[in-house]
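Fold and geometry: a report
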Amino acid sequence: MQVVYSPAHNLHDIGSETIMGVAVPANEVAERAERIREALDADGGFPRREPTDHGPDPITAVHEPGLLRFLGDAWAHFRRERLTLPSLIPESFPVRGLLEGMPPGPEPTAISGRAGYWAFDTSTPIVAGTYAAARASVDVALTTVDLVLGGEAAAYGLCRPPGHHAARSMYGGYCFFNNAAIAAEAIGRATGEPVAILDVDYHHGNGSQQIFWDRGDVHYVSIHADPVRQYPYYLGFANETGGRGGVGANLNLPLPAGTDDGAYLACIDRALDAIVARPGSVIVVSLGFDTYAEDPIGDFALSTPVYHEIGRRVAATGRRLVILQEGGYHRPTLGANARAWLRGVEGRPFDHLPGAG
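Reference entry: report on the structure contained in this document.

So, how was this worked out
- Residues numbered from 1 in each chain as written.
- Predicted model: local features only at pLDDT ≥ 70, side-chain atom pairs only at ≥ 80, totals over all residues.
- Heavy atoms only, no water.
- Helix = DSSP H or I, 4+ residues; strand = E, 2+ residues; numbered from the N terminus.
- Axes fitted to C-alpha atoms, helices over the stretch in contact; angles between N-to-C directions.
- Parallel < 35°, antiparallel > 145°, perpendicular 65-115°, else oblique.
- Left-handed = near helix turned anticlockwise from the far one by under 90°.
- Contact = heavy atoms within 4.5 Å.

1. Some words on unusual backbone geometry
- The amide bond that connects R160 to the next residue, P161, takes the cis arrangement and shows omega of 0°.
- Checked against the element boundaries, P161 lands in the loop between strand 5 (154-157) and helix 7 (179-191).
- Look at the link from Y231 to P232: it is a cis peptide, with omega at 10°.
- Inspection of the secondary structure puts P232 in the loop between strand 7 (218-225) and strand 8 (250-255).
- Of note in this structure, R82 is not a glycine but carries a positive phi near 60°.
- Its location among the elements puts R82 in the loop between helix 3 (65-80) and helix 4 (96-99).
- One non-glycine residue, Y233, lies in positive phi territory at about 70°.
- Within the secondary structure, Y233 sits in the loop between strand 7 and strand 8.

Here it is in structure tokens:
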């Protein structure tokens, strides 16, 4: 299986994030992608290539052009205001209660206000290299699409930053552009077929759901932690099935804390049954390993061997797979977990590497 990787992800070099008003060591760091790259390189069965430039048009096919514009000049604006902080984090947000009963105002001119206008949390800092890294992550996703539409049964895009929390006109949740949504849109336009997104990250992909909420041509299926107790909190419930032309094309499968291998496999089978019941030949996989038992921000109990079996079952649908990396924050096992999942897709045997769970 070919792997698409860009070293430009290292430009999004952050040391901390803000959680509930407190600066803490960042979880979404460059080491994550490097751990996976090293494990796949060592395997010998995953030839690696860099992405090709696809330009901005695939981004604005799913995102508000203003979001692209903001992210493109945010750091330069930050520096023009001579702010000495290490990263750009919003100061306030135009939340529901603030604007209740009144029309929304224009985008502010101060960078702290502009950030709050386009973001929905404080855990997604912008630094000097963020935009270049986010654009490269999109190109990783689209080059992975190119490989699959060019004849590969499956290909893996080592996307960083991740993408599934980014909505049409908002960034957040460590995500700037929605790589999976951009990929799904590109596939649909190229093939004229419906497309499925299978999201197996621990967190619900609120952005992917929002982008395709009213559309029936992209079937979004997500297995995730119940949002009543976990981020993103306000979306991801089982009764969210799509709106207008997308009714029935959204399937959320929220799971309780402590979900183990057996319970997760049963849920994967339900998700895959729903996907294969609809037309289409390509699945975009939003692949997260924050479902792992030792993940620092998750509370599931999955093991490394189950990732191999999940990959095998997804491939057994017979559909072509565009596999894009999302979350996963237990750095010591990220490489082993990704390698197990992808070997499962290929039908190669599982072997238990040191450091895996």
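2. Describing the packing of helix 1 (residues 30-43) against helix 11 (residues 331-346)
- Closest axis-to-axis distance for the helix 1/helix 11 pair is 8 Å, and the angle between their directions is 50°. Considering their axes alone, helix 1 and helix 11 lie oblique with respect to each other. You can see that helix 1 and helix 11 cross each other, and the crossing is right-handed. Contact residues: E31, R32, R35, I36, A39, L40 and D43 in helix 1; R331, P332, L334, G335, A336, A338, R339, L342 and R343 in helix 11.

Without other data, these values stay purely geometric and don't point to any function.
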